[in-house]
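Observations on chain architecture
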Amino acid sequence: REASHITQSETIEWSEANIVNLIIRRILNNPDVVAFYGVTSEEILGDYEKQKKLFYRIFPDQIDAGSRKSETIKWLMSRVADGTQQVAPRELIHLLNESKDEQIKAMELGESVPEGDRLFSPAAMKRALPAVSRVRLEQTIFAEYPDLRSYILALEGEKSTQTLDTLSKILNTDEENTMKTAASLVNIG
């Protein structure tokens with residue numbers, strides 16, 4: 001049903017600490033993982049630093065090596081954040097589930113196992129991204145904003161940064177309509 005009668009809404013913002021806590025809570029629901037790492041839920045959940053430490057025992061310190069090295073949690077958040085920089089836990093959980101599937105596939109194919117007692121390699125986590133992006137686009141964005149589908153598809157394969165002129169050419173619209181369309185695309189994230 002139409003939601004125009006709703007006059008007040010609230011946006012939940014997920015901080016890094018909230019995200020780490022969400023991930024660790026889900027992990028601690030697996031008794032095999034708890035036993036493997038020799039921890040207790042009470043011990044870990046009672047101290048954010050212990051949550052973060054366990055996170056980095058399970059996941060690599062970073063995904064991308066190079067001059068702009070960011071911690072894995074920041075990498076995860078940046079990959080699931082929308083255009084308004086909001087992190088949706090649904091996409092985060094999906095990315096981690098896809099990462100798990102990719103890690104299992106890699107191990108089944110005889111690829112090297114993650115370092116130390118980690119459960120995930122950077123490569124497996126990177127390979128999980130396309131599936132998550134595809135689902136978000138097809139099942140969320142296209143479903144909720146079908147009127148913007150043709151514009152989104154026109155941007156496929158294009159650079160992420162565009163000028164008004166280049167965007168007008170890609171979208172085949174005049175400057176005024178390009179500005180409106182761009183604003184709509186930003187608003188949907």
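Keep in mind it's a predicted model, so treat the numbers as computed, not measured.

It is worth spelling out the overall build of the protein chain at this point. Looking only at helices and strands, the protein chain features ten helices and zero strands. Secondary structure elements of the protein chain occur, N-terminal to C-terminal, as α-α-α-α-α-α-α-α-α-α. Each of the three principal axes of the protein chain carries a C-alpha extent, and together these read 60 × 45 × 30 Å. Looking at the protein chain as a whole, 35% of its 189 residues qualify as buried. If you sum the accessible surface of the protein chain, you get close to 12,300 Å²; carbon and sulfur atoms cover 50% of it. For the protein chain, the distance from the average position of its 23 positive side-chain charges to the average position of its 30 negative side-chain charges is 3 Å.

Time to look at the environment of leucine 137. If you trace the backbone, leucine 137 turns up in helix H7 (residues 122-144). Judged by relative accessible area, which is 28%, leucine 137 ranks as partly exposed. Once residues lying within four places of it in the same chain are set aside, the contact partners of leucine 137 are Phe142 and Ile152.

Below, the discussion takes up the environment of aspartate 117. Assignment of secondary structure puts aspartate 117 in the loop between helix H6 (89-108) and H7. For aspartate 117, a relative accessible area of 29% puts it in the partly exposed group. When the C-alpha positions of aspartate 117 and arginine 57 are compared, they lie 6.8 Å apart, and in sequence the two are 60 residues distant. For aspartate 117, the contacting residues outside a window of four places in its chain are Phe36, Tyr37 and Arg57.

Our next topic: the packing of aromatic side chains. How two aromatic rings sit relative to each other is given by the distance of their centres and the angle of their planes. Within this structure, the stated rule accounts for four aromatic pairs. Centroid distance phenylalanine 55 to tyrosine 56: 4.9 Å. Interplanar angle 80°. Geometry classified as edge-to-face. Members of the aromatic cluster, connected to one another through ring pairs, are Phe55, Tyr56, Phe59 and Phe120.

All right, on to helix H9 (residues 164-171) then. Regarding H9, the residues found buried are Leu167, Ser168 and Leu171. Considered in projection along H9, the buried side chains sweep an arc of 105° and stay on one side of the axis. In this fold, the buried residues of H9 make contact with helix H8 (149-154) and helix H10 (175-187).

A separate point is the side chain of threonine 178. Of note, threonine 178 is situated in helix H10. Within the structure, threonine 178 has its side chain in polar contact with the backbone oxygen of aspartate 174 (distance 2.7 Å). Those residues in contact with threonine 178 that lie beyond four places of it in its chain are Leu164, Leu167, Ser168, Leu171 and Thr173.

This paragraph deals with unusual backbone geometry. For asparagine 172, which is not glycine, the phi dihedral falls at a positive 60°. Within the element layout of this structure, asparagine 172 appears in the loop between H9 and H10.

To continue, consider the pattern of salt bridges. Applying the stated criterion across every chain yields a total of 17 salt bridges. The residue aspartate 64 makes a salt bridge to lysine 126 at a minimum N-O spacing of 2.8 Å. Pair noted here: aspartate 64 is in the loop between helix H4 (48-58) and helix H5 (72-80) and lysine 126 is in helix H7, with a separation of 62 residues, a long-range link. Between aspartate 101 and lysine 100 there is a salt bridge; the shortest N-O distance is 3.9 Å.

Okay, the confidence of the model for the protein chain next. Of all residues in the protein chain, 92% have pLDDT values of 70 or greater, and the mean over the chain is 89. Mean pLDDT across the elements of the protein chain ranges from a minimum in H10, with 90, to a maximum in H4, with 96.

The rules behind the values
Residues numbered from 1 in each chain as written. Predicted model: local features only at pLDDT ≥ 70, side-chain atom pairs only at ≥ 80, totals over all residues. Heavy atoms only, no water. Helix = DSSP H or I, 4+ residues; strand = E, 2+ residues; numbered from the N terminus. Buried < 20%, exposed > 50% of the residue type's maximum accessible area, 1.4 Å probe, protein only. Areas by Shrake-Rupley, 256 points an atom, 1.4 Å probe, with all protein chains shown as cover. Lys, Arg positive; Asp, Glu negative; His and termini not counted. Charge placed at Lys NZ, Arg CZ, Asp CG, Glu CD. Contact = heavy atoms within 4.5 Å. Phe/Tyr/Trp six-rings, centres within 6.5 Å; stacked < 30°, edge-to-face > 60°. Arc of directions from axis to C-beta. Polar contact = N/O pair within 3.5 Å; in protein donor to acceptor, adjacent residues only side chain to side chain. Salt bridge = Lys/Arg side-chain N within 4 Å of Asp/Glu carboxyl O. pLDDT = per-residue confidence, 0-100.

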